[in-house]
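Breakdown of the fold
Now for the letters of each chain:
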Amino acid sequence: MAFFRSVTALSRLRSRVGQQSNLSNSVRWLQMQSSADLDLHSQLKEMIPEQQERLKKVKSELGKAQLGNITVDMVIGGMRGMTGLLWETSLLDPDEGIRFRGLSIPECQKLLPAAKPDGEPLPEGLLWLLLTGKAFCILFADYVYKAIDALPVTAHPMTQFASGVMALQVQSEFQEAYEKGIHKSKYWEPTYEDSLNLIARVPVVAAYVYQRIYKDGKIIPKDDSLDYGGNFSHMLGFDDPKMLELMRLYVTIHSDHEGGNVSAHTGHLVASALSDPYLSFAAALNGLAGPLHGLANQEVLLWIKSVVDECGENVTTEQLKDYVWKTLNSGKVVPGFGHGVLRKTDPRYTCQREFALKHLPDDPLFQLVSKLFEVVPPILTKLGKVKNPWPNVDAHSGVLLNHFGLAEARYYTVLFGVSRSLGICSQLIWDRALGLPLERPKSVTLDWIEKNCKKAA
């Protein structure tokens, strides 16, 4: 009955607002109602626990019930385990990890062009691979920032980065072509132009965000002698050859992770409405900024530094075990471990570990990460609730960046965003080339599930 009292009050509000020309009168009326039968917060506080228990019961009793070829668990569990997207550029295997157009990360490191013999693969080579399925090298960056200065310098780096990408949208060739009536069979062509322009410009925007927040705001010009990853490092202000190599590796391994993750799926979903690549990628960045997605790499370094603050750099195995248990017992997770799909150590973690062993074997934080690799999985396995106790890509990247001086953890997700432009934009070109439709899945209510699903035997 509390719910219906709220609905009745809201109906009265709509009627009254329609009669009021003065908005402040409506606001005062709403405030008066909030102390009586329109106390919406109290109504929700009363209803939410009931609905939470209802959802638990549905999951327990009807979770395995079939809805066609899927189950109720899949519907209410974030669509995990469902195959629902066509994504040409990469495929994620639970045991093997990511493959870019059929090539594993070690195979990419061997086959893609590098800036020097036995160096890390160039992101341009990966972009060519993602688009064509063949290995080669092309592309470079251009200038464009805009609009970022309108934001407070204290705004999160991802907020400033996404705003910069949105500002670039005024140059969209797809939007212009669509407004001129381009045939749908040709949609992929202006999408291609927008995508390559976007990929070229995001390092410039990202570097400006870094300089604006953490340095003196000075723009470091591009170096035409450098490649994509190397130039990004240069514009950030880091010219150590090893840091250039790290950025090449970082951009390459973070570029794509099939289509079901939040940022990739968001980019695909928004683009399915024929939004241009700038709008679609900006939406993807907002998903990437979430703590359960791209923001995790920031959380890992902060957590590792908290270990050092409490236990010192020369932490023993027993001290580390105690700290891990302390984290878990406080209701938190150990950042950098586990994955929604993978069931073994993330190969992106492995190649970063190999980079560290080659270039910074004595770094104290790297040695701590190595100890965590030994300590954390057995503890998570002992809990019995974790499907994948192994480290993921985020467990290592922050320590590598920190070693070469890029220690501002809040900025790390921007690096992830620059990298992810390669995968999302490559797939977007193919979405348009293949004429993939507007994404519009069917949704159901708890009432519907309870009425139409039988308990699993």
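Residues numbered from 1 in each chain as written. Predicted model: local features only at pLDDT ≥ 70, side-chain atom pairs only at ≥ 80, totals over all residues. Heavy atoms only, no water.

With an unreviewed UniProt entry as reference, the protein chain is termed Citrate synthase 4, source organism Citrus sinensis.

With that settled, the discussion passes to the pattern of salt bridges. Applying the stated criterion to the full structure yields 15 salt bridges. The salt bridge partner of Glu107 is Arg99, with a shortest N-O separation of 3.1 Å. Judged by relative accessible area, Glu107 falls into the partly exposed class, the value being 30%. The exposure class of Arg99 is partly exposed, given its relative accessible area of 23%. Between Glu176 and Lys180 there is a salt bridge; the shortest N-O distance is 3.1 Å. (Salt bridge = Lys/Arg side-chain N within 4 Å of Asp/Glu carboxyl O. Buried < 20%, exposed > 50% of the residue type's maximum accessible area, 1.4 Å probe, protein only.)

This part takes up helix 14 (residues 296-311). Owing to its 3.6 residues per turn, the α-helix aligns residues three or four sequence positions apart on the same side. Relative to the 22 Å expected for 16 residues at 1.5 Å per residue, helix 14 spans 22 Å between its end C-alpha atoms, a close match to the ideal helical length. Those residues of helix 14 that fall on the buried side of the exposure criterion are Ala296, Asn297, Gln298, Val300, Leu301, Trp303, Ile304, Val307, Val308 and Cys311. Close packing links the buried residues of helix 14 with helix 11 (241-253), helix 15 (317-329), helix 17 (364-383), helix 18 (394-403) and helix 19 (412-433). Gly312 lies just past helix 14 and shows a positive phi near 90°. (Helix = DSSP H or I, 4+ residues; strand = E, 2+ residues; numbered from the N terminus. Expected span 1.5 Å × (residues − 1). Contact = heavy atoms within 4.5 Å.)

So, on to the sheet that holds strand 5 (residues 103-104). Strand order in this open sheet of 3 strands is 3-4-5, and the pairing throughout is antiparallel. The two strands at the open ends of the sheet, each matched to only one other strand, are strand 3 (90-93) and strand 5. (Pairing = 2+ DSSP bridges.)

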